[in-house]
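Overview (structure and organization)
So you can see what is in the structure, the chains are spelled out below.
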Amino acid sequence: MPTTAWRGGIDLNPLDVQDTDAMAWLTNLVWPEQEDRRLRLEAAITIARHDPPHLERGNILTDLRKHVDVAAQFQSLLMELVEKGVCRWVSNEGKKVLPEITATGPSVPVDRPTFVLALDGQALAWTHGHGASLTWL
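As the structure is a prediction and not an experimental result, all values here were calculated from the model.

Reading the values: rules and limits
- Residues numbered from 1 in each chain as written.
- Predicted model: local features only at pLDDT ≥ 70, side-chain atom pairs only at ≥ 80, totals over all residues.
- Heavy atoms only, no water.
- Helix = DSSP H or I, 4+ residues; strand = E, 2+ residues; numbered from the N terminus.
- Buried < 20%, exposed > 50% of the residue type's maximum accessible area, 1.4 Å probe, protein only.
- Contact = heavy atoms within 4.5 Å.
- Areas by Shrake-Rupley, 256 points an atom, 1.4 Å probe, with all protein chains shown as cover.
- Lys, Arg positive; Asp, Glu negative; His and termini not counted.
- Charge placed at Lys NZ, Arg CZ, Asp CG, Glu CD.
- Core = buried A, V, L, I, M, F, W, Y, C linked by side-chain atoms within 4.5 Å.
- Axes fitted to C-alpha atoms, helices over the stretch in contact; angles between N-to-C directions.
- Parallel < 35°, antiparallel > 145°, perpendicular 65-115°, else oblique.
- Left-handed = near helix turned anticlockwise from the far one by under 90°.
- Nonpolar A, V, L, I, M, F, W, Y, C, P; charged D, E, K, R; others polar.
- pLDDT = per-residue confidence, 0-100.
- Salt bridge = Lys/Arg side-chain N within 4 Å of Asp/Glu carboxyl O.
- Expected span 1.5 Å × (residues − 1).
- Arc of directions from axis to C-beta.

Turning our attention to the overall build of the chain. Looking only at helices and strands, the chain has four helices and six strands in total. Seen through its C-alpha atoms, the chain measures out along the principal axes to roughly 45 × 30 × 30 Å. Out of the 137 residues in the chain, the part that is buried amounts to 23%. Of the contacts formed within the chain by residues at least 6 apart in sequence, a portion of 41% connects residues at least 24 apart. Summing over all exposed atoms, the chain offers an accessible surface of approximately 10000 Å²; the carbon and sulfur share of this is 59%. Each charge sign in the chain was given a centre, from 13 positive and 18 negative side chains, and these centres are 3 Å apart.

Okay, here's the thing in structure tokens:
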């Protein structure tokens, strides 16, 4: 498995992975018949407790632009580091989040909700947002 160097997010009410009650509440939001999602969430909570993501309280509608600017700088820096052979970049984002990467694969049908899994800026697969499916390109 690749090492994740940084994770972050914006949320109106970010949950603390160290808060047992908050994690129990989050786990209870998974639909009862989706046991595979519950198990994935529990595994993700365990991982996040060992290496918590950087979360900021904020409103995505008003605070996202500054983070997108940082993300664009991040994308440029990552591609520069990949080209130098310093690291590898695994991304899995919505089809419109990194359009330059989405464009390296076949055209995604407009009505297909999908994420694009990529390695080093090259699309490899279309995926489901919760990991329920993967279609190699």
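Picking up where we left off.
On the secondary structure map, Thr 27 appears in helix H1 (residues 20-28). Given the relative accessible area of 11%, Thr 27 is considered buried. When residues no more than four places from it in sequence are discounted, the contact partners of Thr 27 are Arg 38, Leu 41, Glu 42 and Ile 45.

Of all hydrophobic cores here, the largest spans 10 residues; its members are Leu 78, Val 82, Trp 89, Leu 98, Ile 101, Val 108, Val 116, Ala 118, Ala 123 and Trp 126. Among the secondary structure elements, those contributing two or more residues to this core are helix H3 (60-83), strand E4 (115-119) and strand E5 (122-127). Residues contacting Trp 89, with those up to four places away along its chain left out, are Phe 74, Gln 75, Leu 78, Met 79, Val 82, Leu 98, Ile 101, Ala 118, Leu 119, Asp 120 and Gly 121. By size, the runner-up hydrophobic cluster in this structure holds seven residues, among which are Val 17, Val 30, Leu 41 and Ala 48.

Close contact between H1 and helix H2 (residues 35-50) brings their axes to 10 Å; oriented N to C, the two are set at 155 degrees. Our classification of the angle between H1 and H2 gives roughly antiparallel. Crossing angle aside, the handedness with which H1 passes H2 is right-handed. Packed against H1, whose contacting residues are Thr 20, Met 23, Leu 26 and Thr 27, the element H2 presents Arg 38, Leu 41, Glu 42, Ile 45 and Arg 49 at the interface. For the contact of H1 with H2, a count of residues per class yields four nonpolar, two polar and three charged.

A separate point is the confidence of the model for the chain. For the chain, the average pLDDT comes to 90, and 96% of its residues sit at 70 or higher. Highest mean pLDDT in the chain belongs to E5 (97); lowest belongs to strand E1 (residues 8-11) (83).

The next point concerns the pattern of salt bridges. Under the definition given, this model contains three salt bridges. Between Asp 120 and Arg 88 there is a salt bridge, with its nearest N and O atoms 2.6 Å apart. Note that Asp 120 is positioned in the loop between E4 and E5 and Arg 88 in the loop between H3 and strand E3 (90-94), a separation of 32 residues in sequence. For Asp 120, a relative accessible area of 13% corresponds to the buried category.

The end-to-end C-alpha separation of H2 is 23 Å, in line with the 22 Å expected for 16 residues at 1.5 Å each. All buried positions along H2 are accounted for by Arg 38, Leu 41, Ile 45 and Ala 48. Down the axis of H2, the sector holding all buried residues measures 90 degrees, keeping them to one side. Set apart from the buried face of H2 by more than 90 degrees, the exposed residues are Ile 47 and His 50.

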